[in-house]
Each structure stands twice: as structure tokens, then as C-alpha cells.
Amino acid sequence: MSRVTRFAGRDPGPAARVAGFLAHLRENGLRLGVAETGLCLRALEVSGAVTPDACRGALKAVCTGCRDEADRFDALFDAYWMDAGRVRQKVTPAAQTAGSEAIHSSRDAGGTAAGTGSMTAPEDGEDEAERDGTGKLIATRHRSLARRDLREVVQPDEIAEAEAVARRLGAALRDRRSRRRIAARKGDRLHFRKTIRRSLATGGEPLTLLKKRRPDRPRRIVALCDVSGSMSVYSRVFLAFLAGLMRADTEADAYLFHTRLVRITEALRDKDTMRAIGRMSLVADGFGGGSKIGPCLDQFARTHARRFVDGRSVVLVLSDGYDSAPPSDLGAALARLKKRGCRIVWLNPLKGWRDYAPVAGGMAAALPHLDLFAAAGTLADLAALEGELVGL
Amino acid sequence: MTGFREVQGDLAAQGYVASDDLAMALTLAVSLGRPLLLEGAAGVGKTEVARALAAVRETRLIRLQCYEGLDASQAIYEWNYQRQLLTIRAAAEDGETGQSVEARIFSRDFLLERPLLAAISQPVAPVLLIDEIDRADEEFEAYLLEILSDFQVTVPELGTLEAVTKPVVILTSNGTRDLSDALRRRCLYAFVDYPDRATELAILAARLPEVEARLAAQVVGFVQALRREELDKVPGVAEMLDFAAALTGLGIADLTRDPAVLQATLVTLLKTQEDRARVTTEVAQRLAGKAA
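Residues numbered from 1 in each chain as written. Chains lettered and ligands numbered in written order. Predicted model: local features only at pLDDT ≥ 70, side-chain atom pairs only at ≥ 80, totals over all residues. Heavy atoms only, no water.

**Student:** Explanation requested: the environment of A:Arg220 in the structure shown.
**Tutor:** Mapped onto the fold, A:Arg220 is located in strand 6 (residues 220–226). A C-alpha to C-alpha distance of 4.7 Å links A:Arg220 and A:Ser313, two positions 93 residues apart in sequence. (Helix = DSSP H or I, 4+ residues; strand = E, 2+ residues; numbered from the N terminus.)

Structure, rendered in C-alpha cells:
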């Protein structure tokens, strides 16, 4: 365990340090307001926390709001308070460094650091090798270490366009299947309880008849987008679509996968479009590498799906089906997912090709579990799906 | 003001073994008067916390079980329509004036208290448990926010009913949907995970002291190993207690001795047909052997 951070001598005091800590948490993506600072101080006061671990527990209860945050909190706490005895110069948040500046700003990422290389690996190595060569699309097993800035790939006007498409698709997927009725002005049945209640006003004569009906329940769209090397040509469209979807539909949920599965819902909900894409490129490290569709979907079915997928969900998989894992994995993962009662729609950009047949092992294994298997390579294709989704 | 160690000790006296984080969150919830949101898998003891806390504070536990379609008349209050109608009929025969009847039928006597109203009108602050809030609709969640911040209920015919005492509010969620940020912000938060080996042994010792140490170690080891298997429904703490109780009830002192009995008692741990099929006699024996 590291030692407690030493603060600079001219520092204004504990309250300012706690404020500094909250600023530190905010910079790291926790959504905290001004009121929380006061609450933190009061929590420390009333809990009688004297040891670092007790303080950690108290601040954790106040500052976190979901499991992800609770998991990350310990590391953030250590970074601020247990900084190996280093002297912290100022408790007020320091100016952001040049690197993160680009991430938080809405400017297009420009310059040298963005696309061509990265700190971990040169891009021209494996990435290029996947794309040219024999001209065959081959699933690759390895992770791409290149950090790609997705803001290069996606432009704001495309997102606006995609948002319109996503909105239409969302509307197409809405269904009317709630079993319970609620009060409504134009209903198909009599709301007996309300009618009797209202009749009290007219001496027990039910003069006004109140109705109830089955309400429209929106379906939740869960989109899983393949961003492996073989899909890199289509990522532009699909990422714009995901970004649009998240802005159009507050219920929707989005994931990226290559060799790992990443939830990008939180990142994409950012109000600033380009910052959202920037945050997404941070979490989606490994963009354009190999693909492990089966294991990723399986992981999804076991973890996130338990929380977010139910009988009202439509799972959209955007992938070409070139999988480096055995096809049986994919079949099993989809079967598991299907058991949650959701609809599964697979949008494959290759299906639009002439003479395409789903012979790739993964795709063939997936077919029996799909409710809809359709082509989608461009935004226009996605928009054209509207009709088919209505009938789902 | 009591520190969280005391709270932890009090809960332990009630047979609830709380982790440091959870004890701290409970302490703060009580002293800051904030609702506490507990998340975690089914069967890790979220509901049980509220029960133990109510016992520690020697107060009532008022429970509101949420479900899809839960509305205000089920959660807050409802007029007793039948009684009102009967009173009106009776009053008409007696020749009572309209105004006095009206004053009578819209009084507290004719109000059916539902959990939320009951919780704020107790003489001693109760523990209010809002169970599985994620199952309720978003509209209800929004309404709940209002009650949790103001602790008052407005009945149009009666006016605003202020809280007599502020209850300690505990919300639980299994994560079937995302809760709104507004609700999360207003609550303190604690994530309850499956207990580790030592904690689970302590829970078993607190709940079923009659289980012998050797069997207890085997039971806990077995259940912990079972949780690492690929199961649809991972057994929780309650299942583990059932399992231990079943074994003691059958007079078994050693888990590894009789495979047939072990297989039969697995009904207390495995709750789906797939899981039953997956944990065959061989698998169960392997896990039991490791645990022993």
C-alpha cells in the first residue's frame, strides 16, 4: 500500500482538498454535482472515519452510483490520496495536459498523434497486412495495438444524418404489447375503478366513463458493432449509426467488439458529439484488429445481457461474421442470448454483394438463431430496413 | 454518533455479517438521512440488510415490493371507496347534510395507507425497504424521487401530509434495467457482492450455529467452488444456508461420504434444469473433494 499524499504547505485546508478530489473524480468521468462536495464533508464528519480505509468507504458510498464506478473508485482514491507520498502542488485541478485536451475538446483531432501511429505500436505493421495482400477477408486472432482516433473516421454531419435514420428505426421497432392496461383518454376498455370513483361526484351515477388501454412500450435496441480489421471499411457508417442511435434513443445500449467486448453506451451519451467519439476511441482500444465474435457475444450474453436484455429488447449485431474462434462458440452464444427472449437481427455488409452466401463458418452457425438477417453497408441500407423491422 | 464498527457489530449480533463498505454506507444512510441504493446479484443478502437494520434499531420494517405496473394507489395511498359508498348511502337515509358527510368520508379514517404513506406516518422512524426498484416503471421512479427528497405526500382532498418521522430508506436493485441518474445521485450507493470464504463461514456460523465446523468448511468450500462453475443461476447465500440446513437435517457429517445424498441435496442450490444437468455426480464429487 502506498503512502498518503503530502499536500503543499500553502494549501487552503481539508475542504479544498476534498473539493480537489471531487474535481479529480469528475475529470475521470464520474458525474458529481456541487452538492456532493458538501455531502462528502458531512459524511466524513458524521461517520467518524479516522483511518484511510474508513474514509475510502465513506466517500465511496457518497460518490459512486453504479457498479462500474464502484469498481473504479478505489484506484481513483489511491491516485489522489495515496500518491506514494509525493507532494501535490495544488489541490485545485491542474490544467489538462496536451494529450487529454484533444480528447475533451470538440475540435477534430488533428495532427500527428491521431491516426498514423501510437505510443504502443506503429500502425503500418499488422494493420496494413490485414487490409491488403491476397484480397481475402480473413479473421485474425491478434489484437491490434494501434490506438486509432475514431474522430478521424466519423464526422459530425454524418452523425446528424445517422441520428435521423436511427430515430426512424427506433420508431419502427416500437411495439404495442404491454399486458397491463393504464388509464388513457382513448382506451379500448372501461377503467372500472376510476369510473366508480368519478361517479361519486354525480351521486353514484357513472356519467363520465373513463377508459384504459394497453400502453405502447418502446423496445430497447442493443447494438453490437464489430470493429475488427475485416470490418474497417464499414466502421465509418456503423459508428455514425451507433452515435446517432444513442442520441436518438435514450434507452438504447451500444457495444463494440473485436477481440474484446467494450460497452460504449456511457461514452456515447456525452452531449458533445465529437467528445463522445473521442471517449469511445479511448475505451475501444484495439480497434481494427482481429475478431472473436463467438467469445465476445458469449461474454455479452453472460454479463451485460443479464442486465439489459429482456423480452422487449432487439439485439442488432453489425458484423461480417468472419470469426477466428470456432463457429460452435458463436452458435452457443446466440442460443444463450436468445433464451433471454430478445429478437436478434444480424446486419451483414457482405450480404449486399452479388452471389453472397453465408458460408463463413460463423455466419452459418449463427443463421438458425436469427430473427432477421439483412444486408447493411451504408446508411441508406440501414434506412431501408425500416419496413422489415416493423414486421418483426 | 456511532461509528461504522459499532453498526457492523450490532448487525453481527442480529446474525448479519456486513462488509466494511456496506457497514459504512449504512452508517451514513442513517446519519445523513439519505436513501441507500444497494445493488448486487440475487441472493447476496440485500433484502436481509434492511431486516437486520430494523431489528438493530428496534423499529418496524415497511416493505414495498416493486413490480411492473406498480402505481401510486398501490404504493402510496388509496381511498376506501367501498366504505365511502356505504357511508354515503347510510347518511342519505339518516338525512345527514352533504357537507358533513363529505368532511367525514374524506378524512384519514377512510384513507388506506400503502407502504410509502405508512412509512412517513409512524411515531418511531421505521426502515422502509423498496425492493427491486428496477422492476417498477420509470414514472414510478420519478414519483419516488419526489417522496424521497421531501418526505411528504399530497392528497388532493386532504392536503399535504408531512412526515411524522423520516424513515431510513433502503432501495435494492437487481439491475434488470438502468436506473435514472437522478435517482442514483440522490442515493448513497453500495455494491453487495458474493461473500468471500471467510465471510461466508462467519454467516453460516451466525445463522446455523448447530452446523459443525468441519461440515461448515466443506459446505462453504463447495458452494464457493460451485459459483465458479458455468451456471445459469449462481447460488446465493440463502441457498447456501438451505443447503447446510438440509445436510444437517439429514444428519450428514461429511459431504464426500455419500454421492447420492449430495446429489439429492443439490436441489437446494441449483434452480434450473440446465444447471442440474450440468452438475453431474462426477462434477459434484470433484467439487466436494476439492472443498474437503
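**Student:** What is the right way to read a positive patch on the surface from this model?
**Tutor:** All names here are of chain A. On the surface, a cluster of positive charge is made up of Arg179, Arg180, Arg189 and Arg214. As for its position among the elements, Arg189 is in strand 4 (residues 189–190). Overall, Arg189 belongs to the partly exposed group, its relative accessible area being 47%. (Patch = residues over 30% accessible without salt bridge, like charges linked within 9 Å, V, L, I, M, F, W, Y side chains within 5 Å. Areas by Shrake-Rupley, 256 points an atom, 1.4 Å probe, with all protein chains shown as cover. Salt bridge = Lys/Arg side-chain N within 4 Å of Asp/Glu carboxyl O. Lys, Arg positive; Asp, Glu negative; His and termini not counted. Charge placed at Lys NZ, Arg CZ, Asp CG, Glu CD. Buried < 20%, exposed > 50% of the residue type's maximum accessible area, 1.4 Å probe, protein only.)

**Student:** Just to check I follow, could you spell out the interface of chain A and chain B for this structure?
**Tutor:** Taken together, the contact pairs 37 residues of chain A with 39 residues of chain B. In this assembly, chain A packs against chain B so that about 3,300 Å² is buried in total across both faces, 48% of it on carbon and sulfur atoms. When the area that chain A buries against chain B is broken down by residue, the three leading residues are A:Arg197, A:Leu200 and A:Arg307, summing to 17%. The tally of links from chain A across to chain B stands at seven salt bridges. Across the pair A:Glu36 and B:Arg185 runs a salt bridge whose closest N-O atoms are separated by 3.1 Å. Joining chain A to chain B, the criterion identifies nine residue pairs in polar contact (both at pLDDT 80 or more). A per-element tally of the side of chain A that touches chain B places helix 2 (residues 35–47) of chain A first, with seven residues. The residue makeup of the side of chain A that touches chain B, split by class, is 14 nonpolar, five polar and 18 charged. (Contact = heavy atoms within 4.5 Å. Buried area = accessible area lost by both parts, 1.4 Å probe. Polar contact = N/O pair within 3.5 Å; in protein donor to acceptor, adjacent residues only side chain to side chain. Nonpolar A, V, L, I, M, F, W, Y, C, P; charged D, E, K, R; others polar.)

**Student:** Can you help me understand the pattern of salt bridges in this one?
**Tutor:** Side chains that differ in sign of charge can pair as their charged atoms come close. Counting across every chain of the model gives 31 salt bridges over all chains. Residues A:Arg193 and B:Glu78 are paired through a salt bridge, measuring 2.6 Å at the closest nitrogen-oxygen approach. Here A:Arg193 is found in helix 9 (residues 192–199), whereas its partner B:Glu78 is found in strand 3 (residues 77–79) on a different chain. A relative accessible area of 45% places A:Arg193 in the partly exposed class. Residue classification places B:Glu78 among the buried residues on the basis of a relative accessible area of 6%. Residues participating in the shared-partner salt-bridge network are A:Asp53, A:Arg56, A:Lys60, A:Asp74, A:Asp78 and B:Asp21.

**Student:** Sorry, what's going on with the sheet that holds strand 8 (residues 168–173) of chain B here?
**Tutor:** The strands making up a sheet are joined through hydrogen bonds of the backbone, oriented either antiparallel or parallel. Residue and element names in this part refer to chain B. Spatially, five strands are ordered 2-5-8-1-9 in an open sheet, and the strand pairing comes out parallel. Across the chains shown, the open sheet's two edge strands, defined by having one partner strand only, are strand 2 (61–65) and strand 9 (188–191). The sheet shows a mean angle of 20 degrees between the axes of neighbouring strands, direction not considered. Summarising the sheet, strand 2 and strand 5 (residues 127–131) pair through five bridges and their orientation is parallel. When the bridges of strand 5 are listed, Arg63 appears paired with Leu129. (Pairing = 2+ DSSP bridges. Axes fitted to C-alpha atoms, helices over the stretch in contact; angles between N-to-C directions.)

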